[in-house]
Amino acid sequence: MSEFQTIPILHTQDSIIGTGKIQCIHDGVCIIAGDIGMIRAVRSAGCLLEPQKNDLVAVLMTPEKSYVLHVLERQEDTGSVVLPTSTEIRTVRGQTSLSLNHDCITLNAGESLKLTGNSIEARAISSADLSAESVTLSGKRLRQHFGSVLHLCGTMLSQIGLFFANREKSVVRISGSQETYSGSIRMEAEKRLRIRAENADAVTRETFSIDGKKINLG
């Protein structure tokens, strides 16, 4: 059986549809081998799967131009789906990438939108906004790198088994009041610990100890 067969299109004597194998691709032009010779064809707008070398394709030949209509067979497990709007879905050895070259991209889901994977990475050059009535982040490890962070919350609730923070400098300003409830609190300062207030109360049920080489009261 030959590698290329021609089938006349009904009512069009000058146009032929056939199949052939791509030998090479140069500047978007596919060189296809068939029984009637070498054919130069370009990918049609309806051929979403980008042709590659050694593909078996369907070709439309007209007196003016020839077009690759579809990719029929492919030996390699790779491919790219390219839309006319600069959108590309590429698969290479089991890995899939989606390229959307647009100023604005919108994903709408009527009920839910899920992203699942061993690793998920999201990057924004300028800014990123996440707004929702409820947001849940869960995982064994959460790692964040920011130049600056601004939190605007009506109410913030944190439930943490172990919290460890290593900061070069920390400044906290609270306009209202701050309350801390804990089983025990321990504060250590390598150089100096200073507490200033207009009024201060220290109340213990059992023992209150002050220890130091020099203690000044008053």
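Here the structure is shown first, and the text comes after it.
Residues numbered from 1 in each chain as written. Predicted model: local features only at pLDDT ≥ 70, side-chain atom pairs only at ≥ 80, totals over all residues. Heavy atoms only, no water.

J.: What's the story with the overall build of the protein in this structure? I'm lost.
T.: Regarding its fold elements, the protein presents zero helices and nine strands. For 218 residues, the compact-globule estimate of 2.2 N^0.38 gives 17 Å, and the C-alpha radius of gyration of the protein, at 34 Å, exceeds that figure by more than 25%. The principal-axis extent of the C-alpha atoms belonging to the protein is close to 110 × 35 × 25 Å. Within the span of the protein, comprising 218 residues, buried residues form 13% of the whole. Taking the intrachain contacts of the protein between residues at least 6 apart in sequence as the baseline, contacts between residues at least 24 apart amount to 40%. (Helix = DSSP H or I, 4+ residues; strand = E, 2+ residues; numbered from the N terminus. Rg over C-alpha atoms; globule rule 2.2 N^0.38 Å. Buried < 20%, exposed > 50% of the residue type's maximum accessible area, 1.4 Å probe, protein only. Contact = heavy atoms within 4.5 Å.)

J.: Can you help me understand the sheet that holds strand β9 (residues 95-100) in this one?
T.: Within a sheet, each strand pairs with its neighbour through backbone hydrogen bonds, oriented either parallel or antiparallel. Judged by pairing direction, the sheet is antiparallel, and its three strands sit side by side in the order β7-β8-β9 without closing on themselves. Since the sheet does not close on itself, it has two edges, and those belong to β7 (78-83) and β9, each with one partner. The sheet shows a mean angle of 10 degrees between the axes of neighbouring strands, taken without regard to direction. With six bridges joining them, β7 and strand β8 (residues 87-92) adopt antiparallel strand pairing. Counted as the bridge partner of G79 is T91 from β8. (Pairing = 2+ DSSP bridges. Axes fitted to C-alpha atoms, helices over the stretch in contact; angles between N-to-C directions.)

J.: Is there a simple way to think about the pattern of salt bridges in this case?
T.: Any two side chains of opposite charge can pair if their charged atoms end up close together. Taken as a whole and judged by the stated rule, the model has two salt bridges. Linking R74 and D55 is a salt bridge whose minimum nitrogen-to-oxygen distance equals 2.5 Å. Pair noted here: R74 is in the loop between β6 (66-73) and β7 and D55 is in the loop between β4 (37-43) and β5 (56-61), with a separation of 19 residues, a long-range link. Judged by its relative accessible area of 21%, R74 is partly exposed. (Salt bridge = Lys/Arg side-chain N within 4 Å of Asp/Glu carboxyl O.)

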